[in-house]
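Chain and residue survey
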Amino acid sequence: MSDDARMYSYSAVLMGSPILLKLFEHNEPLASRVFSLIKQYEDLLTVNRAHSQVMDINQAAGQQPVSVSRPVYELIKCAKAASLVAGGAFNLAIGPLVKCWKIGFKGDRVPPAGDIAQRLTLTDPQNVVLNDEQTSVFLTLPGMEIDLGAIAKGYIADRVRDYLRQQGVTLGLINLGGNVQTLGSPEGGWSIGLKKPFAPGTALLGTIEVMGQSVVTSGVYERYFEQDGRRYHHILDPRTGYPLDNELDSVTIIARQSLDCDIWSTLIYGMGVEKGCAALRARSDIEAIFVTKQREIILSSANHYRFTLLDDDYRLIA
Ligand code: FAD
Ligand code: MG
Ligand code: MG
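To start, this report covers the structure provided alongside it.

How each quantity is defined
Residues numbered from 1 in each chain as written. Chains lettered and ligands numbered in written order. Predicted model: local features only at pLDDT ≥ 70, side-chain atom pairs only at ≥ 80, totals over all residues. Heavy atoms only, no water. Donors = N, O, S within 2.8 Å, 3.2 Å for Na, K, Ca; no water. Helix = DSSP H or I, 4+ residues; strand = E, 2+ residues; numbered from the N terminus. Buried < 20%, exposed > 50% of the residue type's maximum accessible area, 1.4 Å probe, protein only. Pairing = 2+ DSSP bridges. Axes fitted to C-alpha atoms, helices over the stretch in contact; angles between N-to-C directions. Near = heavy atom within 4 Å. Polar contact = N/O pair within 3.5 Å; in protein donor to acceptor, adjacent residues only side chain to side chain. Areas by Shrake-Rupley, 256 points an atom, 1.4 Å probe, with all protein chains shown as cover. Nonpolar A, V, L, I, M, F, W, Y, C, P; charged D, E, K, R; others polar. Core = buried A, V, L, I, M, F, W, Y, C linked by side-chain atoms within 4.5 Å. Contact = heavy atoms within 4.5 Å.

Donor atoms from the polypeptide that coordinate the magnesium ion (ligand 3) comprise Ala 150 (O), Asp 262 (O), Asp 262 (OD) and Thr 266 (OG1), at 2.2 to 2.5 Å from the metal. Donor residues binding the magnesium ion (ligand 3) come from one chain and are separated in sequence as A-x111-D-x3-T. Metal-to-metal, the separation of the magnesium ion (ligand 3) and the magnesium ion (ligand 2) is 3.3 Å; Asp 262 coordinates the two. With a gap of 116 residues between them, Ala 150 in the loop between strand 5 (136–139) and helix 7 (152–166) and Thr 266 in helix 8 (residues 258–269) connect regions that are remote in the sequence. Since its relative accessible area comes to 25%, Ala 150 is described here as partly exposed.

Turning our eyes to something else, we now look at the sheet that holds strand 9 (residues 204–210). Spatially, the three strands line up as an open sheet ordered 8-9-16, and their pairing is antiparallel. Each end of this open sheet is capped by a strand with a single partner; those strands are strand 8 (190–195) and strand 16 (306–309). Neighbouring strand axes in the sheet, compared pairwise and without regard to direction, differ in orientation by 25 degrees on average. Here strand 8 runs beside strand 9; their pairing, made up of six bridges, is antiparallel. Looking across to strand 9, one finds that Ile 192 is bridged to Ile 208.

Turning our attention to the site of ligand 1. In the vicinity of ligand 1 there are 24 residues, among which Ala 89, Asn 91, Gly 149, Ser 218 and Leu 236 approach most closely. Interatomic distance of 3.0 Å between a backbone N/O atom of Met 15 and a nitrogen atom of ligand 1. In isolation ligand 1 exposes 930 Å². Once the protein is present, 91% of that is buried. Mapped onto the shell around ligand 1, the elements with two or more residues apiece are helix 7 and helix 8. A breakdown of the residues in the shell around ligand 1 according to their chemical character gives eleven nonpolar, eight polar and five charged.

Within the open sheet, the nine strands sit side by side as 1-2-6-7-10-13-14-15-17. Their pairing is mixed. Each of the sheet's edge strands pairs with one partner strand only, and the pair in question is strand 1 (8–14) and strand 17 (315–317). Taken pair by pair, the neighbouring strands of this sheet meet at an average axis angle of 15 degrees, ignoring direction. In this sheet, strand 13 (residues 248–255) lies alongside strand 10 (residues 214–219) in antiparallel orientation, the contact comprising six bridges. When the bridges of strand 13 are listed, Val 216 appears paired with Ile 253.

Here the focus is the nonpolar core. Core analysis: the largest hydrophobic core is formed by 74 residues, its most contacted members being Ile 38, Ile 146 and Leu 148. Ranked by residues supplied to this core, first place goes to helix 2 (residues 28–45) with eight residues. Here Ile 146 is in contact with Val 47, Val 54, Ile 57, Asn 58, Ile 76, Leu 92, Val 128, Val 137 and Leu 139, once residues within four sequence places are set aside. Residues Leu 194, Leu 205, Val 210 and Leu 299 belong to the second largest nonpolar core, which totals 19 residues.

Written out as structure tokens, the structure reads:
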């Protein structure tokens, strides 16, 4: 019997994303506890509703620091550190721009240039002031907003993996809208599909086989809108306030921690292939698959996974 035949899949929609849990046993109660856990984190971290711990911080911008729970504080601290990496595109204070473009939400359109320029002044990560003792966060300027959209799914995927392990599960997979974390390794490893950019349906460029690792992709084809024949996607360049524009269609990161994957997928998206590969040379635990607009697939290294190309239109460069 194939692994797939022994697997049970459970699905939900949370964080505006399709969520898929795969287990090697039929266990409905466990699946619903996993979905509640994700929901709890969503309630703490969302910026898409009036209330959450992150929204409390945003609503007090320019007024006062807000104390938050330890996990939320640590995640914000981690996001701030990623935001200060030279040459990277990650910025946790990008919120005012995300809210202005509304990409992936109702009403998305190209905002007036003046709005973008004004909001750029509210996105300096140095103006996110942290206090370790109080576990408090202070946004020094009114109108500043933290957005954890580029890191929170990674964090939550790791918590789900830890929870499954705690519950005695040895084999499992959680997919948070394209952000995949795995627990253990079935025979032959887990096979994760790499989507073909802009292709309809489930067309794949290739498969990534991993054993107990996470696989996370940041791509320009995930959330975007078109206006006047141009495409605008959801990863914004913190330097310009416009969607990042470089040679890439997507970056996939493979690493043990989904948190690292999520951070690095956004971080090196902005670096591009050359600088991205250079940055990863110091991190043998983090590996990248770049997909370029020129239909090349470039592997920074492939020591902890196996990539199989499935599409003849693309050229693999290892
Ligand atoms: P990544 O590439 O990992 O991150 C891109 C996202 O990060 C953008 O969508 C934006 O939110 C933010 N971002 C953009 N540019 C930057 C940058 N330069 N630096 C840092 N961050 C940046 N979607 C809905 O449609 N409805 C919801 O109710 C909803 N609720 C959510 C609640 C939570 C807790 C989370 C984590 C996500 C939610 N989402 C929701 C999805 C969210 O809006 C983003 O689309 C999603 O997180 C993007 O993840 P990604 O892995 O595809 O992209
Ligand atoms: Mg992500
Ligand atoms: Mg990310």
